[in-house]
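Coordinates in review
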Amino acid sequence: MPPSTEHGRPDPETVTLALSRDGRPVSDRGDTVCVIGAGASGLTAIKNLVEHGFGVDCYERETGVGGAWNWRHDRSPVYASAHLISSRPFTQFPDFPMPDSWPDYPHHSQLLSYLERYADHFDLRRHIWFGTEVVRVEPVDGDRWDVTTRSTGGYGPERTLRYAAVVVANGHNWSPKLPHYDGLEEFRGEVMHASSYKDPAQLRGKRVLVVGAGNTGCDIAVEAAQQASCCWHSTRRGYWYAPKYVLGRPADQVNDLLLTLRVPLRLRQWLYHRMLRLTVGDLTRFGLPRPDHRIYETHPIANSQLVYHVGHGQITPVPDVARFHGGGVTLADGREIEPELVVFATGYLPRFEFLDPKTLGDDDGSGRPRLWLHAFAPEQPTLAVAGLLQPDSGVFPLTHWQTVLFARLLQARLARPERAAVFAARVVAGAGERYSGKVTDSSRHWFEVGHVTYLRAVQRALDELEAR
Ligand SMILES: Cc1cc2nc3c(=O)[nH]c(=O)nc-3n(C[C@H](O)[C@H](O)[C@H](O)COP(=O)(O)OP(=O)(O)OC[C@H]3O[C@@H](n4cnc5c(N)ncnc54)[C@H](O)[C@@H]3O)c2cc1C
């Protein structure tokens, strides 16, 4: 077991001085682990590492916990009406249930309160340095890390501390992805990314074009249907719009039952298809494009209201944007529309600016890490990424088990190095492995996982690590 520290903050008595590769003074934090970010993933990383006996320093660039769910932070992508897409029991941490009185799909403010309670219950805040941004993470001495921080906004001097291990939990839903469109710079209307959309008042009375059919794009289109004077919803392809409830139960719970019973993909696709036929029916009747893929081959869109508003004439489905011009937009089918406001719900891209991209296996500079279990990079036994997942269910339980696995790996490195070596070989062999059925290969699906398949893979990794 590593030496247990009472608290995560650097205690002057335990800090020794070293020098960085370029000769700067470095405070050596011994066996302490550094966690980057205090969103859901960072919080569960702190909790699980502390429970396994490690000292932890967490750096959070914002002033509070909660990450994406903390609507008080400028970078938070949540909007006033955002509710969970995954249902409550499948979103909560396994050791910290949400209150039974909460609805199936809690509001984003409830999620923030849940994460704040989680932090308080496990006494996590004392490990966190708020308002502190990590600007560099560099390997040193083979398996240790120099982490350089500064006050958010760049004020004050940089500070470098040396850690035994690092958990990167910086989230992947805050850096907007904006495709290139010809003529966008000439367009005289208002343009925003969904990350800046906060309140339906921003749509009220306007002619609005929403681009993108992810869950956020569909939510905003539904809001525009009720607030805007006119709403076009542009999608590149046809999608399946699944209801949030099936047979009176949250859809992810029904899906989970089928997965747990190991119902084959083809049969699940057939069942889902039947169910959609019986409820929504033929999407092309509504003017929506026919899906060009089978159900479960793109990230599920859970929205019971989109088709309803299309059917009421409050949303006009339109194809992809061909180009912008000063007064409007030319669509792929040649139609001209004149929106006053364009909302790009075109997703987010992961960003790890503080790390050399090659550290995470991104050798071609595409921005796509190549990891095992979407968490472990080859040749980096003391580095883990937490929460880089897009599951068909809630992400918190998956991140919980990812960070338990990392804590056990760090323990094994000290107590059973031969097991840690087997693990390291698995990371090399398994980097880039997928945990979902066939999904389309866009950046939107880089981190797609089926939660049951993924959790089974983590369970196997835990079993292998702890095998006698
Ligand atoms: C609209 C919307 C709806 C969603 N719905 C669901 C849902 O229904 N179910 C679900 O499970 N998930 C949902 N998600 C996904 C959501 O991102 C996760 O639930 C969860 O917030 C991920 O937590 P995280 O800690 O990995 O990332 P984040 O919540 O993004 O937290 C990352 C933290 O790291 C900090 N940070 C980043 N870089 C640095 C740095 N260099 N230095 C210091 N700190 C840094 C950030 O400030 C942030 O606090 C949704 C996301 C969006 C946008």
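Every value quoted in this text rests on a predicted model; they were computed, and no experiment measured them.

Counting its regular elements, the chain contains 10 helices and 24 strands. Relative to its length of 468 residues, the chain is compact, with a C-alpha radius of gyration of 23 Å against a globular reference of 23 Å. By its C-alpha atoms, the chain is 70 × 50 × 45 Å across when sized along the principal axes. A total of 468 residues make up the chain; the buried ones form 54% of that total. For the chain, restricting intrachain contacts to residue pairs at least 6 apart in sequence, the fraction spanning at least 24 positions comes to 67%. For the chain, the accessible area works out to roughly 20,500 Å², and carbon and sulfur atoms hold 53% of it.

The subject of this paragraph is the packing of helix 9 (residues 417-430) against helix 10 (residues 451-466). Running from N to C, helix 9 and helix 10 point in directions that differ by 145 degrees, and their axes come no closer than 8 Å. Here Arg-419, Phe-423 and Arg-426 of helix 9 lie close against helix 10, whose contacting residues are Ala-461, Glu-464 and Leu-465. Here the contact of helix 9 with helix 10 is composed, by residue class, of three nonpolar, no polar and three charged.

So, about the pattern of salt bridges. Applying the stated criterion across every chain yields a total of 22 salt bridges. Among the ionic pairs, Asp-146 bridges to Arg-162, the shortest N-O distance being 2.6 Å. Note that Asp-146 is positioned in strand 7 (residues 144-151) and Arg-162 in strand 8 (residues 159-163), a separation of 16 residues in sequence. Accessibility assignment for this pair places Asp-146 and Arg-162 in one class, buried.

Moving on: the confidence of the model for the chain. Here the chain shows a mean pLDDT of 92. Residues at 70 or above account for 96%. Low confidence marks residues 1-8, where pLDDT is under 50. Its contacts with residues over four positions away, or in another chain, come to 22 contacts.

What follows covers the sheet that holds strand 18 (residues 321-325). The antiparallel open sheet is built from three strands, whose spatial order is 18-19-20. Edge positions in the sheet fall to strand 18 and strand 20 (336-337), since each of these pairs with one other strand and no more. Both strand 19 (residues 328-331) and strand 20 contribute to a ladder of two bridges, which runs antiparallel. Counted as the bridge partner of Val-329 is Ile-337 from strand 20.

We now examine the pairing of strand 6 (residues 132-140). Successive residues of a regular strand alternate their side chains across the two faces of the sheet. Of the pairings in the sheet, the one linking strand 6 to strand 7 comprises eight bridges and is antiparallel in character. If you follow Glu-138 over to strand 7, its bridge partner there is Asp-146. Taking the residues that link successive antiparallel strands as the turn, the strand 6-strand 7 hairpin has three residues, and the phi of Asp-141 there is positive, at about 55 degrees.

Checked against the element boundaries, Pro-381 lands in the loop between strand 21 (341-344) and strand 22 (383-385). Here the alpha-carbon distance between Pro-381 and Arg-144, two residues 237 residues apart in the chain, equals 9.5 Å.

Moving on, we come to the pairing of strand 19. Inspection of the sheet shows strand 18 paired to strand 19 by four bridges, in the antiparallel sense. Residue pairing for strand 19: Arg-323 is matched across the bridge by Thr-330. Connecting the antiparallel pair strand 19 and strand 20 is a turn made up of four residues, with Gly-334 showing a positive phi of about 90 degrees.

So, about the side chain of His-233. Looking at the secondary structure, you find His-233 in strand 12 (residues 230-234). His-233 gets classed as buried once you look at its relative accessible area, which sits at 3%. A polar side-chain atom of His-233 sits 2.8 Å from the main-chain carbonyl oxygen of Gly-212. Setting aside residues up to four positions removed in sequence, His-233 forms contacts with Val-210, Gly-212, Ala-213, Gly-217, Cys-218, Ala-221, Leu-306, Ile-315, Thr-316, Pro-317 and Val-318.

Attention shifts here to the environment of Ala-45. Tracing the chain through its elements places Ala-45 in helix 1 (residues 40-51). Residues Ala-45 and Gln-459, spaced 414 residues apart in sequence, show a C-alpha to C-alpha distance of 17 Å.

The buried count for helix 5 (residues 251-260) comes to seven of 10 residues, which makes it a mostly enclosed element. Residues of helix 5 that are buried in the fold lie against helix 2 (88-91), strand 14 (245-246), strand 15 (249-250), helix 6 (265-279) and helix 10. Looking one or two residues past helix 5, Arg-262 carries a phi angle of roughly 55 degrees, positive in sign.

Between helix 1 and helix 3 (residues 108-121), whose axes approach to 11 Å, the crossing angle comes to 15 degrees. Between helix 1 and helix 3, the interaxial angle falls into the category roughly parallel. Seen from above, helix 1 lies across helix 3 with left-handed handedness. Residues Ala-40, Leu-43, Thr-44 and Lys-47 of helix 1 pack against Leu-115, Tyr-118 and Ala-119 of helix 3. For the contact of helix 1 with helix 3, the class distribution of residues is five nonpolar, one polar and one charged.

Next up on the list: the site of the ligand. Looking at the ligand, there are 28 residues lining it, with Ser-41, Glu-60, Ala-68, Ile-85 and Ser-86 nearest. Within the side chain of Glu-60, a nitrogen or oxygen atom sits 2.6 Å from an oxygen atom of the ligand. Between the ligand and Val-134 there is a distance of 2.9 Å, counted from a nitrogen atom to a backbone nitrogen or oxygen. Burial of the ligand by the protein amounts to 92% of the accessible area it has alone, namely 980 Å². For the shell around the ligand, the elements supplying multiple residues, two or more each, are helix 1, strand 4 (56-60) and strand 6.

Calculation notes
- Residues numbered from 1 in each chain as written.
- Predicted model: local features only at pLDDT ≥ 70, side-chain atom pairs only at ≥ 80, totals over all residues.
- Heavy atoms only, no water.
- Helix = DSSP H or I, 4+ residues; strand = E, 2+ residues; numbered from the N terminus.
- Rg over C-alpha atoms; globule rule 2.2 N^0.38 Å.
- Buried < 20%, exposed > 50% of the residue type's maximum accessible area, 1.4 Å probe, protein only.
- Contact = heavy atoms within 4.5 Å.
- Areas by Shrake-Rupley, 256 points an atom, 1.4 Å probe, with all protein chains shown as cover.
- Axes fitted to C-alpha atoms, helices over the stretch in contact; angles between N-to-C directions.
- Nonpolar A, V, L, I, M, F, W, Y, C, P; charged D, E, K, R; others polar.
- Salt bridge = Lys/Arg side-chain N within 4 Å of Asp/Glu carboxyl O.
- pLDDT = per-residue confidence, 0-100.
- Pairing = 2+ DSSP bridges.
- Polar contact = N/O pair within 3.5 Å; in protein donor to acceptor, adjacent residues only side chain to side chain.
- Parallel < 35°, antiparallel > 145°, perpendicular 65-115°, else oblique.
- Left-handed = near helix turned anticlockwise from the far one by under 90°.
- Near = heavy atom within 4 Å.

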